Amino acid sequence: MSSKSDQLLIVVSILEGRQFPKSQRHHLIVQAKFDGEQLATDPVDHREQPQFCTELAWELDRRTLHQHRLQRTPIKLQCYAINTSTSARECVGYIVLDLRSVQEVKQDPKWYPLLSSKYTKLRPALLLSVTLENDTKPPDHTPERFKAKKAPPRQGSPVLAALLPERLEAVLVQQEGYHQIGPPELCCDMFLLSVTVAFATKLEQLIPSTLKLAGQGSEFFFYYTLLGNDITSEPFQNLLSPSFEPERASVRVRSSESVLRVFLGLQPSLQIHLCCGNHSLGSTEVSLAGLGQTGVDLQSQVATVEGAFVLQPPNRTKPSRPSSVPLDLLPTVGVSVTLRKEALGTQMEGKAEGGDGPQVQIPAQGGTDPQGLPSSLPPVDQRLPSPSPGIQSPFLPPPARAESPQPPQPQDQHHTHTESEADSLGEEASPHAPAPPPQEEELEEGELEEELRLEEVGGPEAGPSSVSVSAPKISIPSSAHHYCFSMDLRSIKNLTLAFPVSCTLRYAYQFFGSAAPIMTNPPVEVRRNTEVFLPQSYCAFDFAALPHQLQDTFLRVPLVVEVWHRDPSSRDLLLGTASVQLSLLLTSEKTRFLGPSGRQHWRQTHSDRIPVYKAQGPSEKVAELCYVTNLEDMGLVRAQEILLSDSSQNGQPAPQRAVSAPRQAAPGGGPAPGSAPAPGALPPRETPEYQAALELEMWKEMQEDLFDDQLKKKELSHMQALAEEWRKRDREREALVKKKEQEYNLLEGQLQKTLADLEKRERQLAHAETETQRLQTELRAEHERTLREVQEGGRRLQQDCHHQVELERSKVRQLEEERARHQQQLLDAEGRNRQLEKDFQLSREQQNIRPEIRLQSEINLLSLEKVELERKLESTTKSKLHYKQQWGRALKELARFKQREQENAMTRLKKQQQELESMRLRYLAAEEKEAVKTDKQELDDIRNQLNRLKLQEERRPGWGEPVPAPGGVVSLSEGAEEHLSRLLEERDTLLRTGVYTHDDRIISELNRQIQDAMATRPAH
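Just so we're clear, the structure is a prediction, and the values are computed from it rather than from any experiment.

A. Layout of the overall build of the protein chain. On a plain count of helices and strands, the protein chain comes out with 14 helices and 36 strands. Taken across its 1020 residues, the protein chain has 31% of its residues classed as buried. Residue pairs at least 24 apart in sequence account for 71% of intrachain contacts in the protein chain once pairs closer than 6 positions are excluded. When the accessible surface of the protein chain is totalled, it reaches about 66400 Å², and 54% of it is carbon and sulfur.

See the structure below:
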């Protein structure tokens, strides 16, 4: 522990700001970040000169300060504007302070402008000062005392910071499946950021003593967030000896090396939590700043941060851990964080395979369904067969799959319970069954041993002529995995043939369990230099195989896709073939997903474009094929024997059916039932019926023995499980007892230490009281003695002052006499000086009368005038050159101003013409609208008059006879005349403007209305 003098404080004083805009709805705060710790000022009003008047301080020692200065750790200040109504926070700008320039001598505050400021026109700034001060507070002996962390690496250069946006963020690009960091036009390199949780120890130390481990019934897992993606590890149930496979979560990042270093330096530490359900039992922090060290070249090396990190319990249950706790009892978790370039990652994939356990490739958030599957692939539960159906392998029929045929139930239900119960017991006991024999693991690559056996099932009512025979079965090794392979032929493009092609694709792969070819249907027409998407091109295969057998087959045997041209008038033509390398699928990233049963499976996906080469003749490229392949690993196969259907034997899908066939020979060696009987009568025990019944009874006894054996195995497995559970709980109880004993020992030590401290403190208090009383007595005596000395000294000082005054008065009298004598001497000297001046003036006049003196004076004057004229000539020449240059510049500036004014005048003229045109159009539209409105009003008046006249005629007696109405005719005639004259006037006015001609639409419409008005006008 360092001494008191080594403790320092870095104090940042934020005094005030200037040139900020005024805003009533916002407040300003300044947040400072150093060494992963953030401090902030209180909110102040958002005005032109905000007054912060706040000091922010960080505590550290001289050694840590030296490390920070070597690594050039900055102090970053960010200014935020907070909305008072919505509490939304917006970054206004930031300031970066260099720690190397901070000194212990107090310096004057300086104005620092905000970088990447939101207010670009005002250029706001803050008045800051940074100093180093000695920490004068008393030392803290508590174990939770603050300690400065190790200095992070240098975060980029100021030149790079000027090119970056004001805030670096990881933006998800869903279409490409990566995160973009930095400007896309500058940051175009692909990197792979991976996090691996490898192991964990002493996790039971995080559980409180009052919590029972075995009574929870929940699973434990590790949880962390990587670039906004929530990641959980494989759950485990035993905290005493946690066993889980190391998992690596990878994120693809598109950025540049320098920007990525800055981004990682600004990121907070990666927090890894140990969770049980929704509760966090403990957490640790892994700093990502170590990945951005400048000593690692990401082009050829891998940046790694790894180690065993101590898990700390949450604050609400965190005990005070003394320093005496041994390190081997602390809960730890092994974490490895790597950063590498994606090209380097693909080269090292083969070396790292199998070393870190399963890999989890984080998919894009926007392109996943609730099960975490990519949007391009259907879920496992919903993957139904397309018109090109998925081929079911004879090795393993998929469970709960819609396209898998179900075998029909046997007709005889009397004695089938024995076999069904035995099968169910075998399935229940299979998880606890012993390891398979080594002969099953030594199968040759490329084939599986198929053991087919026929079991006869019958009842007492079964006749002697026919016996039901079950379908054949296949024995599968317990180490085989259930795989699901699917391929989607997306599109075909870049056809080089000159004629259009009616294209269909075809392929077959016998390793998947079927020799029947898969074809796309219907054919699509493909033309040159076009891309066409293929319909009904998705197909899935379920099969069982050994992992090494799968890898060897995919590496040796490619999948060949044939491209055919179908012509209804002639035979089909093979255009070319494309070879799909399935080995590329094995090198792709693994992603984890949940199956229909809730178990975790693994998926690998690969998409690519491959050329289609000509089938005959030289290998010429015919087209390009785009495809997507997917391989799902469902884990180990549960069923050891499966039924072999006719579809798997014949290569075509068909439901399984029971085969009924007569028995060919009796066990006793008698003749077949279908043969002719012997001439003599046979004994009853030698008849075929008796032999069949005897065989049936023997088979029943054998089944009962098998059933008893399975029950015993099941009982043994249950007893073993109970014993294992008892041992597990016993170990948990022992661990809890040890933990409680350690805690009690620690508490006992703390109590003894506390009692000793209390006794020592009481003794110190008693000694301090006696010492205080002694000091009070000494202080009173010292005070009285000091008072007497002060009084005596005052009296002596008064006497000395009187004597000093007398001496000064005598000195003043002597000085007065000396001054009078000096004044008399001065008057005498002045008289002599005046007499000497008169003599000098007289001699000077006599000298000026001589001609040589006068000529010399004139020569001197002329020389001075010559020098002056030469100086003026030189300055005039320089001024002339300067004025000539200024005149040239003025002429150029005038020409530029004139050109700019002409361009502005042309722009204004065009704008005025556009405005005049728009005003003309609006005026014409308004006039036309007004005219239509007037016409509509006149029509309404005429209609009203007609209705009124009609009503008047109906009310008259003798309705129905024509009655002349001269007044109505006159009014109608006058209205038509006015309407006609108005239309003529409008047409003439528009033609006189010169804008419209007789061919315009509005003039044609007015002519039509005029003709209609003249036609409807009543004759006089």
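B. A look at the side chain of S117. For S117, the location among the structural elements is in the loop between β8 (110-113) and β9 (125-134). Separated by 3.1 Å, the side chain of S117 and the backbone nitrogen of Y119 make a polar contact. The residues touching S117, leaving out its near neighbours within four places in the chain, are V92, G93 and P124.

C. How the structure looks around helix α1 (residues 62-70). Along α1, the positions that sit buried rather than exposed are T64, L65 and H68. One face of α1 carries all of its buried residues, which in axial projection span an arc of 100°. Residues R63 and L70 are exposed on α1 and point more than 90 degrees away from its buried face. Where α1 is buried, its residues touch β1 (7-18), β2 (23-34), β5 (51-61) and β9. A positive phi of about 55° marks R72, the residue just after α1.

D. Examining unusual backbone geometry more closely. Going from N521 to P522, the amide bond is cis rather than trans, its omega being 0°. When you line up the elements, P522 lands in the loop between β26 (518-519) and β27 (524-526). The phi angle at S87 is positive, at roughly 60°, despite the residue not being glycine. With respect to the helices, strands and loops of the structure, S87 is situated in the loop between β6 (74-83) and β7 (89-98). Judged by relative accessible area, which is 59%, S87 ranks as exposed.

E. Structural detail: the packing of aromatic side chains. The tally for this structure, following the rule as stated, stands at 15 aromatic pairs. Relative to F543, the ring of F511 lies with its centre 5.6 Å away and its plane at 70°, an arrangement referred to as edge-to-face. With F511 in the loop between β25 (501-507) and β26 and F543 in strand β29 (residues 538-545), this pair connects stretches of sequence that are 32 residues apart. Across this residue pair, the class does not change: F511 and F543 are buried. Here a set of aromatic residues connected by ring pairs shows up, and it is made of Y483, F485, Y509, F511, F512, F541, F543 and F554. Note that R18 overlies the ring of W111, its terminal NZ or CZ placed 4.3 Å from the centroid.

F. The arrangement of the sheet that holds β9 in detail. Pairing is antiparallel across the open sheet formed by 4 strands, whose spatial order is β5-β1-β9-β8. Pairing within the sheet leaves two strands with one partner each, and these edge strands are β5 and β8. Here the average twist between neighbouring strands, direction ignored, is 30°.

G. A look at the environment of V296. Note on placement: V296 falls in the loop between β17 (279-286) and β18 (303-310). Under the relative-accessibility criterion, V296 is labelled buried at 18%. Residues in contact with V296, not counting those within four places in the same chain, are E257, R261, Q301, V302 and A303.

H. Looking closely at the pattern of salt bridges. Tallied over the entire structure, the rule returns 36 salt bridges. Note that R821 and E818 form a salt bridge whose closest N and O atoms lie 1.9 Å from each other. Placement of the pair is R821 and E818 together in helix α11 (residues 688-848), with a separation of 3 residues, close to one helical turn. Judged by relative accessible area, R821 falls into the partly exposed class, the value being 40%. On the basis of relative accessibility, which here comes to 32%, the residue E818 falls in the partly exposed class. Two residues, R871 and E868, come together in a salt bridge whose shortest N-O distance is 2.1 Å. Here R871 and its partner E868 are both found in helix α12 (residues 851-955), 3 residues apart, which amounts to about one turn of the helix. Each of D935, E938, R982 and E986 takes part in salt bridges that share partners, so that together they form one network.

I. Representation of helix α8 (residues 547-556) in the model. Of the residues making up α8, those classed as buried are Q549, L550, T553 and F554. Projected down its long axis, α8 carries its buried residues within an arc of 125°, all on one side. Facing away from the buried side of α8 by more than 90 degrees, the exposed set consists of L555 and R556. Looking at the buried residues of α8, the elements they touch are β24 (481-493), β29, α9 (583-586) and β34 (621-636).

J. Just a nonpolar patch on the surface, in detail. A cluster of nonpolar residues, Y690, L694 and M698, forms a patch on the protein surface that exposes about 280 Å² of accessible area. Examined against the element boundaries, M698 turns out to sit in helix α11. M698 gets classed as exposed once you look at its relative accessible area, which sits at 53%.

K. Seen up close, the pairing of strand β11 (residues 178-181). Residues Y178 and Q180 of β11 are buried on one face, and the alternating residues H179 and I181, pointing to the opposite face, are buried as well. Bridge analysis of strand β10 (residues 170-173) against β11 gives 4 bridges, and the strand direction is antiparallel. Bridge pairing links L172 to H179 in β11. In this antiparallel pair of consecutive strands, β10 and β11, the connection spans 4 residues, and G177 shows a positive phi of 80°. Bridge analysis of β11 against strand β15 (residues 247-255) gives 2 bridges, and the strand direction is parallel. Paired with H179 across the two strands is V253, which belongs to β15.

L. Spotlight on the sheet that holds β17. One open sheet holds the 4 strands; their spatial order is β14-β13-β16-β17, and the pairing between them is antiparallel. Of all the strands in the sheet, just β14 (229-232) and β17 have a single pairing partner and so form its edges. Put simply, the sheet's adjacent strands are angled 25° from each other on average, direction ignored. Note that strand β13 (residues 220-226) and strand β16 (residues 270-276) share 5 bridges and pair antiparallel. From the neighbouring strand, Y223 faces β16, where its bridge partner is H273.

M. Summary view of the pairing of strand β31 (residues 573-580). Note that strand β30 (residues 559-565) and β31 share 7 bridges and pair antiparallel. Within the sheet, the bridge partner assigned to H565 lies in β31 and is L573. Taken together, the 2 bridges between β31 and strand β33 (residues 600-614) define a ladder with antiparallel strand orientation. Counterpart to G576 in the pairing with β33 is K614.

Cut-offs applied
Residues numbered from 1 in each chain as written. Predicted model: local features only at pLDDT ≥ 70, side-chain atom pairs only at ≥ 80, totals over all residues. Heavy atoms only, no water. Helix = DSSP H or I, 4+ residues; strand = E, 2+ residues; numbered from the N terminus. Buried < 20%, exposed > 50% of the residue type's maximum accessible area, 1.4 Å probe, protein only. Contact = heavy atoms within 4.5 Å. Areas by Shrake-Rupley, 256 points an atom, 1.4 Å probe, with all protein chains shown as cover. Polar contact = N/O pair within 3.5 Å; in protein donor to acceptor, adjacent residues only side chain to side chain. Arc of directions from axis to C-beta. Phe/Tyr/Trp six-rings, centres within 6.5 Å; stacked < 30°, edge-to-face > 60°. Lys NZ or Arg CZ within 6 Å of the ring centre and 35° of its normal. Pairing = 2+ DSSP bridges. Axes fitted to C-alpha atoms, helices over the stretch in contact; angles between N-to-C directions. Salt bridge = Lys/Arg side-chain N within 4 Å of Asp/Glu carboxyl O. Patch = residues over 30% accessible without salt bridge, like charges linked within 9 Å, V, L, I, M, F, W, Y side chains within 5 Å.

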